[in-house]
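As a plain string of letters, each chain reads:
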Amino acid sequence: MDLDAFLARPLVARVATQGPEVRPVWFLWEEGCFWWLTGPYSRMERILAADPRAALVIDTCDLADGTVLSVTCRGTATTVPLDRPRALRKLTRYLGSDPHTWPLRFSDPLNDPATKLVRFTPDHPPRLRDLSW
């Protein structure tokens, strides 16, 4: 499996910011960056304003055959204004193509002017690694 095919799957990334704080995020991989939503419901914007350095890991483990695939990278994360089409592409990956069926906790923030995107730019191009035993 290549990197883009792996990152196109609706996987969960774990993001570590300084502190350290680690949190799971749904992400979108586009234009060489990882993107996820943030807003007033999260301290993410304040944390990144104080120190934008972050690390991210996305991995899978198939218990049936022991296959472990992983993408790990370090970089800089900044909040940017909401790009609604990008946010919709991200949510569609996880919730399906019909926004009318999404739980309101996912669709309502798109109408909140305080909702933003986080753009995580890796220091180096990510690599998909097979860490199977």
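Preceding this paragraph is the structure being described.
Cut-offs applied
Residues numbered from 1 in each chain as written. Predicted model: local features only at pLDDT ≥ 70, side-chain atom pairs only at ≥ 80, totals over all residues. Heavy atoms only, no water. Pairing = 2+ DSSP bridges. Helix = DSSP H or I, 4+ residues; strand = E, 2+ residues; numbered from the N terminus. Buried < 20%, exposed > 50% of the residue type's maximum accessible area, 1.4 Å probe, protein only. Polar contact = N/O pair within 3.5 Å; in protein donor to acceptor, adjacent residues only side chain to side chain. Contact = heavy atoms within 4.5 Å. Phe/Tyr/Trp six-rings, centres within 6.5 Å; stacked < 30°, edge-to-face > 60°. Expected span 1.5 Å × (residues − 1).

**Comments concerning the pairing of strand β7 (residues 116-122)**
- The sheet contact formed by strand β4 (residues 33-38) and β7 spans 5 bridges and is antiparallel. When the bridges of β7 are listed, Phe 34 appears paired with Phe 120.
- Where strand β6 (residues 67-81) meets β7, 7 bridges bridge the pair, whose relative direction is antiparallel. Within β7, the position partnered with Gly 75 by the bridge is Pro 122.

**Looking at unusual backbone geometry**
- In this model, Glu 31 sits at a positive phi of 55°, which is unusual for a non-glycine residue.
- Secondary-structure assignment places Glu 31 in the loop between β3 (28-30) and β4.
- Glu 31 gets classed as exposed once you look at its relative accessible area, which sits at 67%.

**Points about the pairing of β4**
- For β4, a buried count of 6 out of 6 residues is recorded, marking the element as mostly surrounded by other parts of the structure.
- Across the two faces of β4 the burial is the same, with Cys 33, Trp 35 and Leu 37 and Phe 34, Trp 36 and Thr 38 all buried.
- As defined by bridge partners, β3 adjoins β4 across 3 bridges and the pair is classed as antiparallel. If you follow Leu 28 over to β4, its bridge partner there is Trp 35.

**Observations concerning the side chain of Arg 23**
- Tracing the backbone through its elements, the reader meets Arg 23 in strand β2 (residues 21-26).
- Here Arg 23 falls in the buried class, since its relative accessible area comes to 19%.
- One polar contact links Arg 23 to Glu 21, side chain to side chain, over a distance of 2.8 Å.
- Ignoring sequence-local partners within four residues, the contact set of Arg 23 consists of Ala 13, Arg 14, Val 15, Ser 42, Met 44 and Ile 47.

**Looking at the packing of aromatic side chains**
- For the coordinates displayed, the defined rule picks out 6 aromatic pairs.
- Taking the centre distance of 5.7 Å and the plane angle of 65° together, the rings of Phe 27 and Phe 34 count as edge-to-face.
- Residue Phe 27 is classed as buried on the basis of its relative accessible area of 0%.
- The exposure class assigned to Phe 34 is buried, which follows from its relative accessible area of 0%.
- With centroids separated by 6.4 Å and ring planes inclined at 35°, the aromatic side chains of Trp 36 and Phe 120 adopt a geometry described as tilted. Note that Trp 36 is positioned in strand β4 and Phe 120 in strand β7, a separation of 84 residues in sequence. In this structure, Trp 36 and Phe 120 share a single accessibility class: buried.

**Comments concerning the environment of Ala 5**
- Mapped onto the elements, Ala 5 comes out in helix α1 (residues 3-7).
- Separated by 42 residues in the primary sequence, Ala 5 and Ile 47 have C-alpha atoms spaced 31 Å apart.

**Notes on helix α3 (residues 84-95)**
- Here α3 contains 12 residues, and its C-alpha end-to-end distance of 16 Å stays within 8% of the 16 Å for a straight helix at 1.5 Å per residue.
- Buried positions along α3 lie against α1, β2, β3, β4, α4 (104-107) and β7.
- Of the residues flanking the end of α3, it is Gly 96, one or two places downstream, whose phi is positive at about 100°.

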